[in-house]
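Understanding the architecture of this molecule
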Amino acid sequence: MRKKIVVGNWKMNKTFAEGLQLVEELLASQHDAAITKIIAPPFIHLSAITERVKSENGFEVAAQNCHQASKGAFTGEVSAEMIVSTGVKNVIIGHSERRIYLGEDSTMLAQKVNLALANNLTPIFCLGESLEDRNTNLHLEKVKQQLKEGLFHLSSTDFSKLIIAYEPVWAIGTGFTATTHQAQGMHNFIRAEINKKYGKQISESTAILYGGSCNAENAKDLFSCIDVDGGLVGGASLKANDFITIVNSFS
Ligand code: 13P
């Protein structure tokens, strides 16, 4: 059985006090203990939040990024080794906001994935097409290329450790969620590509999350899709009630 996972990507939101308050509300909530719940706060909160969460009731923590070099003169950057040294287990890699605003390309992302895995961090690897790709019917090709360039150099053993998040760029922060048909179609396509490269066992056990305006109202429908194993949630993860409603949306 594939893991069911909901990740809350806080992006650049929440002061330290606000973040700790949100974590307290999440830990105190009535949530499904069988679902893996991953909180991804800004770097500066990671250590304290990890200390507070301590894998309580299926909660884990993720960093939102790591650098592609293991260490050195990269002012302002944070390495995979530093992240893991705070007790964090997961790292988001390849979010479209970093691909678009910070120019992160596939070569860089593949290096980040390698370093994350070498440090025993689970990469939550994001991919997804732009609106233009979707409108010109290039969405499958685009996602296939991102998979190939970012991940398909990995050994089967390494590939089987990661989580994939399909986040269509046109759905992020826009309120335009993918339909269940669009989400299921893409998740099924990604799983089929993994099957071609790594075989049935790995493709069937890889968790593929949906992200892009996933909220307390639409999560149930999205999570009912056979190839959707949970969500990578932005805006709706900033309120404990909404995030927990999403966590409790698996049928
Ligand atoms: P929203 O849920 O705010 O659309 O953001 C999705 C996302 O980018 C999560 O990583």
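As a reminder, the structure under discussion sits directly above these lines.
Residues numbered from 1 in each chain as written. Predicted model: local features only at pLDDT ≥ 70, side-chain atom pairs only at ≥ 80, totals over all residues. Heavy atoms only, no water.

**Points about the nonpolar core**
The following threshold applies: As used here, the term nonpolar core means buried Ala, Val, Leu, Ile, Met, Phe, Trp, Tyr and Cys residues forming a set that is joined through side-chain atoms within 4.5 Å. Only protein chains enter the accessibility calculation, which uses a 1.4 Å probe. A residue is then buried if its area is under 20% of the maximum for its type, exposed if over 50%, and partly exposed in between. The contact criterion used throughout is that any non-hydrogen atoms of two residues lie within 4.5 Å.
Val6, Leu151, Phe159, Ile164, Ile190, Tyr210 and Phe223 are the most contacted members of the largest nonpolar core, which has 64 residues in total. Setting aside its immediate chain neighbours within four residues, Phe159 contacts Leu151, Phe152, Leu154, Ile164, Ile194, Tyr198, Ile202 and Thr206. The next biggest cluster of nonpolar side chains, apart from the first, holds 13 residues, and it includes Ile38, Ile92, Ile124 and Ile163.

**A look at the sheet that holds strand β3 (residues 59–63)**
The line we're drawing: Two strands pair if DSSP finds at least two bridges between them. Where helices and strands are cited, they refer to DSSP runs of H or I of at least four residues and of E of at least two residues respectively, numbered from the N terminus. Whenever a helix is involved, its axis is fitted only over the stretch in contact; in every case the axis is a line through C-alpha atoms, and angles between N-to-C directions fall within 0 to 180 degrees.
Spatially, 8 strands are ordered β1-β2-β3-β4-β5-β6-β7-β8 in a closed barrel, and the strand pairing comes out parallel. Averaged over all pairs of adjacent strands, the angle between their axes in this sheet comes to 25 degrees, without regard to strand direction. Where strand β4 (residues 90–93) lies against strand β5 (residues 122–127), 4 bridges are found, and the strand directions are parallel. Of the residues in β5, the one forming a bridge with Val91 is Pro123. Along the sheet, helix α7 (residues 139–150) contacts β5 and β6 (163–166); its crossing angle with β5, the most-contacted strand, is approximately 150 degrees. Strand contacts of helix α12 (residues 240–247): β1 (5–9), β2 (36–40), β3 and β8 (230–233), with the helix running at about 160 degrees to β1, the strand carrying the most contacts.

**Regarding the site of the ligand**
The condition is simple: Residue proximity to a molecule or strand is established when one non-hydrogen atom of the residue lies within 4 Å of it. Whenever a nitrogen or oxygen atom comes within 3.5 Å of another N or O atom, the pair is scored as a polar contact, on the condition that within protein one atom can donate a hydrogen and the other can accept it, and that pairs from neighbouring residues in sequence are kept only if both atoms are in side chains. Only Asp, Glu, Lys and Arg are considered charged, only Ala, Val, Leu, Ile, Met, Phe, Trp, Tyr, Cys and Pro nonpolar, and every remaining residue, Gly among them, polar.
Neighbouring the ligand are 13 residues, the closest being Lys11, His95, Gly173, Ser213 and Gly235. Here Ser213 contributes a backbone N or O atom positioned 2.8 Å from an oxygen atom of the ligand. By residue class, the composition of the shell around the ligand is 4 nonpolar, 7 polar and 2 charged.

**As for the pairing of β8**
In β8, alternate side chains face the same way, and those of Gly230 and Leu232 on one face and Gly231 and Val233 on the other are all buried. Bridging between β1 and β8 involves 4 bridges; their strand directions are parallel. Bridged to Val7 within β8 is Leu232. Both strand β7 (residues 208–211) and β8 contribute to a ladder of 2 bridges, which runs parallel. Looking at the pairing, Tyr210 lines up with Gly231 of β8.

**Section: the packing of α7 against helix α9 (residues 180–198)**
Quick note on the threshold: The cut-offs work like this: below 35 degrees is roughly parallel, past 145 is roughly antiparallel, 65 to 115 is roughly perpendicular, and the gaps in between are oblique. A clockwise turn of the near helix away from the far one marks a right-handed crossing, whereas an anticlockwise turn of less than a right angle marks a left-handed crossing.
Packing of α7 against α9 leaves a shortest axis separation of 11 Å and a crossing angle of 40 degrees. Taken together, the axes of α7 and α9 are oblique relative to one another. Note that α7 runs across α9; the crossing there is right-handed. Residues His139, Leu140, Val143, Lys144 and Leu147 of α7 form the contact with α9, whose own contacting residues are Met186, Phe189, Ile190 and Glu193. Among the residues forming the contact of α7 with α9, the class breakdown is 6 nonpolar, 1 polar and 2 charged.

**A few points about the packing of aromatic side chains**
What counts here: Any two of the Phe, Tyr and Trp rings considered here, Trp counted by its six-membered ring, make a pair once their centres fall within 6.5 Å; the pair's planes then place it as stacked at under 30 degrees, edge-to-face at over 60, or tilted in between. Only when the NZ of Lys or the CZ of Arg is both within 6 Å of the ring centre and within 35 degrees of the ring normal is a charge said to sit over the ring.
According to the stated counting rule, one finds 5 aromatic pairs in the structure shown. Considering the side-chain rings of Phe159 and Tyr198, the 4.4 Å spacing of their centres and the 20 degrees angle between planes classify their relative orientation as stacked. Highlighted residues: Phe159 in helix α8 (residues 156–159) and Tyr198 in helix α9, separated in sequence by 39 residues. Residue Phe159 is classed as buried on the basis of its relative accessible area of 0%. Looking at Tyr198, the relative accessible area reads 12%, which means it is buried. These aromatic residues form a ring-pair network of at least three members: Phe152, Phe159 and Tyr198. Note that Lys37 overlies the ring of Phe59, its terminal NZ or CZ placed 5.3 Å from the centroid.

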